[in-house]
Amino acid sequence: MKQLNVLGICGSTRKGNSEYLLDQAIQSANEAAPDVVKCTNYSVRGKKFGPCIACGKCGENSGECIIKDDFQQLRDLWIDADVIIYSVPVYHMGMPGQLKCFIDRLGNSTFGRYKGLYEPGFEKLPKLLKVVGSIAQGVHICSGQEHTLTDLINHALLMQCIPVAGDMWQSYIGGGGWTSNDVDRNALKKQIDANQYDAQVAVQSAKDVGRRAVEIALMLRNGAAAMENELKKDASYKPFLDRVEDHS
Ligand SMILES: Cc1cc2nc3c(=O)[nH]c(=O)nc-3n(C[C@H](O)[C@H](O)[C@H](O)COP(=O)(O)O)c2cc1C
C-alpha cells in the first residue's frame with residue numbers, strides 16, 4: 001500500500017512542551033499503521049517566516065510566494081502530507097506568530113498554485129482532504145487553548161481539509177492542556193515523571209489525536225478508491241486523487 005505521509009509541525013520557538021506532546025502524537029500515529037505511515041517532524045524553531053505582504057503575486061505565479069525564507073520548505077512538506085499534526089504553545093490566547101505567518105502565506109499561495117491548473121477558470125481551492133489534528137498547551141488553565149485549537153480547525157476547514165480531534169473525554173476538539181503554572185520547557189515531561197494527572201491527560205489526548213488522524217486518513221483513502229470514477233468528474237478532487245492513488 002502507498003505510504004501515508006504524516007507531518008508533525010511544532011509551533012514552538014524552543015524545544016519544549018509542544019515538541020514533547022508532538023512526539024507522543026507522532027509515535028501514536030506511527031503505531032496506528034506502522035506498515036504504511038511515514039512520519040516527518042518539523043519545528044519552526046530557528047526558522048524565519050515573514051508575514052504575507054498582500055502583494056498578490058502568488059495569484060499570478062502559480063502560487064510562488066515572492067518572499068524567500070523557510071516558507072517554501074514547509075509548504076512543500078505540507079503539500080505532500082496526507083496527515084498534518086500541529087502542536088503549538090498558546091501565545092497571547094492564540095497561535096505563535098511564526099506559524100500564523102506560515103498559514104497566511106500557505107492559504108493565499110495555495111489558491112494561486114491550483115488556479116486554472118485543471119480546467120480554465122478554476123479559481124477555487126481544491127478539496128485537499130488532508131487530515132489535520134491539533135494540540136495546544138499553555139502555562140495556565142483556560143488561557144487560550146480552545147481559541148488556539150479553533151483557529152487551527154478553521155485553518156483546516158479553509159484549506160478544504162478534515163479537522164479531527166482525539167477521543168472523549170480527554171479531547172473535545174483537539175489535544176493539549178496546561179503546564180500547571182510551570183513555564184519550564186520540560187514542565188510536562190517532569191510532571192509525567194511525577195505521575196501528575198493533568199499532564200497524563202494532555203499526553204493521552206495528544207496520542208489520541210495522532211492515532212485518530214491516521215485512522216481517518218486511511219478511511220479517506222479507501223473512500224477515494226471506492227468513489228474514484230465519480231470524484232474524477234470534479235476537478236476539485238484532482239490533487240487529492242493524485243496524492244492518494246496507489247500505482248503499485
Ligand atoms: C509570548 C508568549 C505568550 C504566551 N501566552 C500565553 C497565553 O496566552 N496563555 C497561556 O496559557 N500561556 C501562554 N504562554 C506560555 C506558553 O504557552 C507555555 O509556557 C507553553 O508551555 C510553552 O510551550 P513550549 O514549551 O512548547 O514552548 C505564552 C508564552 C509566551 C512566550
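Residues numbered from 1 in each chain as written. Predicted model: local features only at pLDDT ≥ 70, side-chain atom pairs only at ≥ 80, totals over all residues. Heavy atoms only, no water.

This part is about helix α1 (residues 17–32). Taking 1.5 Å of rise per residue, the 16 residues of α1 would be expected to cover 22 Å, and the 23 Å separating its terminal C-alpha atoms lies within 8% of that figure. Those residues of α1 not exposed but buried are Asn17, Ser18, Glu19, Tyr20, Leu21, Leu22, Gln24, Ala25, Ile26, Ser28 and Ala29. (Helix = DSSP H or I, 4+ residues; strand = E, 2+ residues; numbered from the N terminus. Expected span 1.5 Å × (residues − 1). Buried < 20%, exposed > 50% of the residue type's maximum accessible area, 1.4 Å probe, protein only.)

Turning our eyes to something else, we now look at the packing of aromatic side chains. For the coordinates displayed, the defined rule picks out two aromatic pairs. Measuring from centroid to centroid gives 5.8 Å for Phe49 and Phe102, while their planes differ by 70°, and the two rings are edge-to-face. In this pair, Phe49 is assigned in the loop between β2 (37–43) and α2 (71–80) and Phe102 in helix α3 (residues 97–114), connecting sequence segments 53 residues apart. With relative accessibility at 8%, the residue Phe49 sits in the buried group. Note on Phe71 and Phe102: the rings are 5.6 Å apart at their centroids and 50° apart in plane angle, and the pair reads as tilted. Placement of Phe71 in helix α2 and of Phe102 in helix α3 is noted, with a sequence separation of 31 residues between them. Take Phe71 and Phe102: they sit in the same class, and that class is buried. (Phe/Tyr/Trp six-rings, centres within 6.5 Å; stacked < 30°, edge-to-face > 60°.)

Scanning all chains against the criterion turns up two cavities of 30 Å³ or more. Lining the largest cavity are Leu4, Asp82, Leu129, Val131, Ala217, Leu220, Arg221, Phe240, Arg243 and Val244. Residues of the lining of the largest cavity, tallied by class, amount to seven nonpolar, no polar and three charged. Counted as a void, the second largest cavity has a volume near 30 Å³. Along the walls of the second largest cavity sit Gly63, Arg75, Ile79, Leu106, Ser109, Thr110 and Arg113, which together make up its complete lining. Among the secondary structure elements, those contributing two or more residues to the lining of the second largest cavity are α2 and α3. (1 Å grid on protein atoms, 1.4 Å probe; cavity = no way out; pocket = protein on both sides within 12 Å on 5 of 7 lines; lining within 4 Å. Points joined across faces, edges and corners; volume = space filled by probe spheres on them. Nonpolar A, V, L, I, M, F, W, Y, C, P; charged D, E, K, R; others polar.)

Let's shift gears to the packing of α2 against α3. As a packed pair, α2 and α3 sit with axes 11 Å apart at the nearest point and diverge in direction by 65°. Crossing of α2 over α3 shows right-handed handedness. Note on element contacts: α3 touches α2 through Phe102, Arg105, Leu106, Ser109, Arg113 and Tyr114, opposite Phe71, Gln72, Leu74, Arg75, Trp78 and Ile79. For the contact of α2 with α3, the residue count by class is seven nonpolar, two polar and three charged. (Axes fitted to C-alpha atoms, helices over the stretch in contact; angles between N-to-C directions. Left-handed = near helix turned anticlockwise from the far one by under 90°. Contact = heavy atoms within 4.5 Å.)

Moving on: a nonpolar patch on the surface. Together, Met168, Trp169, Tyr172, Ile173 and Tyr197 make up a nonpolar patch on the protein surface, roughly 620 Å² of accessible area in all. Considering the arrangement of structural elements, one finds Ile173 in the loop between β5 (162–164) and β6 (175–178). For Ile173, a relative accessible area of 33% translates into the label partly exposed. (Patch = residues over 30% accessible without salt bridge, like charges linked within 9 Å, V, L, I, M, F, W, Y side chains within 5 Å. Areas by Shrake-Rupley, 256 points an atom, 1.4 Å probe, with all protein chains shown as cover. Salt bridge = Lys/Arg side-chain N within 4 Å of Asp/Glu carboxyl O.)

Looking at the ligand, there are 16 residues lining it, with Ser12, Ser18, Val90, Gln137 and Ser143 nearest. At 2.6 Å, a side-chain N or O of Ser12 approaches an oxygen atom of the ligand. The separation between an oxygen atom of the ligand and a polar main-chain atom of His140 is 3.2 Å. Of all the elements in the fold, those that place two or more residues in the shell around the ligand are α1 and β4 (131–138). (Near = heavy atom within 4 Å. Polar contact = N/O pair within 3.5 Å; in protein donor to acceptor, adjacent residues only side chain to side chain.)

Taken as a whole, this structure holds 17 salt bridges when the rule is applied. Asp82 is the partner of Arg243 in a salt bridge, and the nearest nitrogen-oxygen pair spans 2.9 Å. Of this pair, Arg243 sits in helix α8 (residues 238–244) while Asp82 sits in the loop between α2 and β3 (83–89), and the two are 161 residues apart along the sequence. The burial state of Arg243 is the same as that of Asp82; both residues are buried.

Per the UniProt annotation, the sites labelled "domain: NADPH-dependent FMN reductase-like" (unreviewed entry) are residues 5–112. Within residues 5–112, the helical portion is 39% and the strand portion 19%, while the C-alpha atoms at the span's ends are 24 Å from each other. (UniProt positions renumbered as here; feature names shortened; annotations may be inferred.)

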